[in-house]
Amino acid sequence: MNKRILTHIIIVIALLGLVMTALAAEFFFSKESIMIGLQHALGILEITIAPADQFFIAQVIRRVTWDWHFYIGMFFLLGVILSFIQFVRNKSKRDLANTIIVAILITVSLILIYSGIIMYSRLYVDVSKEFFITLKAFHMWTYIILLILVLSHGVKKISSRRKNEK
Ligand code: HEM
């Protein structure tokens, strides 16, 4: 298989996985949804647990979704490194317009990955609350920008391929 296609497949699968795990953490596995299920189960078992402990259990259960989000983020990093290597090696594609687009895509992706890695590392090292909030804001903005860029790139490729076929 062509190396460029393989890299594109890695990036598309990783982006889909990142969006799906983020959606899962926000909706199906939100702390609120987990606590509803937990309270239901505790009610059936006639067990009473303090709300703060229920919240802690919900946080721990929800963590699994973020673990997967992080692992897929590392797969995305692999795709970004491979596309950078391919871009540097492929001299025919290095005109000014293409270089600017690739530079923007790689910068945005690296900020996204960097913020993700530092947010994840707060489980093991000390990350201040203020820094975490800043990283979260960077994370949100860069993923919105990246998804818009990737979608417009996909639409452009498909429409130019259709034009060539006509
Ligand atoms: C298009 C790609 C991505 C999307 C759509 C995305 C989406 C999100 C969203 C919505 C959040 C929740 C923020 C909040 O709680 O308000 C989040 C948090 C997070 N993301 Fe991403 N992300 C992406 C890429 C990445 C990458 C590449 C990494 C890892 C290198 C990563 C790691 C994390 C981590 C560790 C958190 C924090 C989880 C926590 O609260 O403990 N994300 N992401």
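Undergrad: Sorry, what's going on with the overall build of the chain here?
TA: Within the chain, the secondary structure is distributed over five helices and zero strands. Sequence-ordered secondary structure for the chain, helices as α and strands as β, is α-α-α-α-α. A compact globule built from 166 residues would reach a C-alpha radius of gyration of about 15 Å, whereas the chain, at 20 Å, exceeds it by more than 25%. Taking the principal axes of the C-alpha coordinates as reference, the chain spans close to 70 × 40 × 25 Å. Of all 166 residues assigned to the chain, the portion counted as buried reaches 11%. Counting contacts in the chain only where the partners sit at least 6 residues apart, residues at least 24 apart contribute 74% of the total.

Undergrad: Where do I start with the environment of Leu-77 in this structure?
TA: Relative to the assigned elements, Leu-77 resides in helix H3 (residues 51-89). C-alpha of Leu-77 to C-alpha of Ala-103: the two residues are 26 residues apart in sequence and 15 Å apart in space.

Undergrad: Just checking my understanding: could you explain the domain arrangement of the chain for this structure?
TA: It is common to report an interface's size as the accessible area lost on association of the parts. For the chain, the domain assignment lists domain 1 (1-90) and domain 2 (95-155). Using C-alpha coordinates to define each centre, domain 1 is positioned 16 Å away from domain 2. Contacts between the two partners involve eight residues from domain 1, matched on the other side by seven residues from domain 2. Partitioned by chemical class, the residues of the side of domain 1 that touches domain 2 number seven nonpolar, one polar and no charged.

Undergrad: Can you help me understand the site of the ligand in this one?
TA: Around the ligand lies a shell of 20 residues, among which Leu-18, Ala-22, Gly-73, Gly-116 and Tyr-120 are the nearest. For the shell around the ligand, the secondary structure elements donating two or more residues are helix H1 (3-26), H3, helix H4 (96-121) and helix H5 (129-165). In terms of residues, the shell around the ligand owes the most to one element, H4, which gives six residues. Grouping the amino acids of the shell around the ligand by side-chain chemistry returns 15 nonpolar, four polar and one charged. The residues that make up the shell around the ligand include at least three from each of domain 1 (1-90) and domain 2 (95-155).

Undergrad: Is there a simple way to explain H4 in this structure?
TA: Given 3.6 residues to a turn, an α-helix orients residues that are three or four positions apart in the same direction. Compared with an ideal rise of 1.5 Å per residue, which puts 26 residues at 38 Å, H4 spans 37 Å between its outermost C-alpha atoms and is within 8% of the ideal. When H4 is considered as a whole, its buried residues turn out to be Leu-105, Ser-109, Leu-112, Ser-115 and Gly-116. Tucked into the core, H4 has its buried residues touching H3 and H5.

What counts, and where the lines are drawn
Residues numbered from 1 in each chain as written. Predicted model: local features only at pLDDT ≥ 70, side-chain atom pairs only at ≥ 80, totals over all residues. Helix = DSSP H or I, 4+ residues; strand = E, 2+ residues; numbered from the N terminus. Rg over C-alpha atoms; globule rule 2.2 N^0.38 Å. Buried ≥ 20, exposed ≤ 12 C-beta atoms within 10 Å, placed from the backbone. Contact = placed C-beta atoms within 7 Å. Domains from an automatic or database assignment. Nonpolar A, V, L, I, M, F, W, Y, C, P; charged D, E, K, R; others polar. Near = placed C-beta within 6 Å. Expected span 1.5 Å × (residues − 1).

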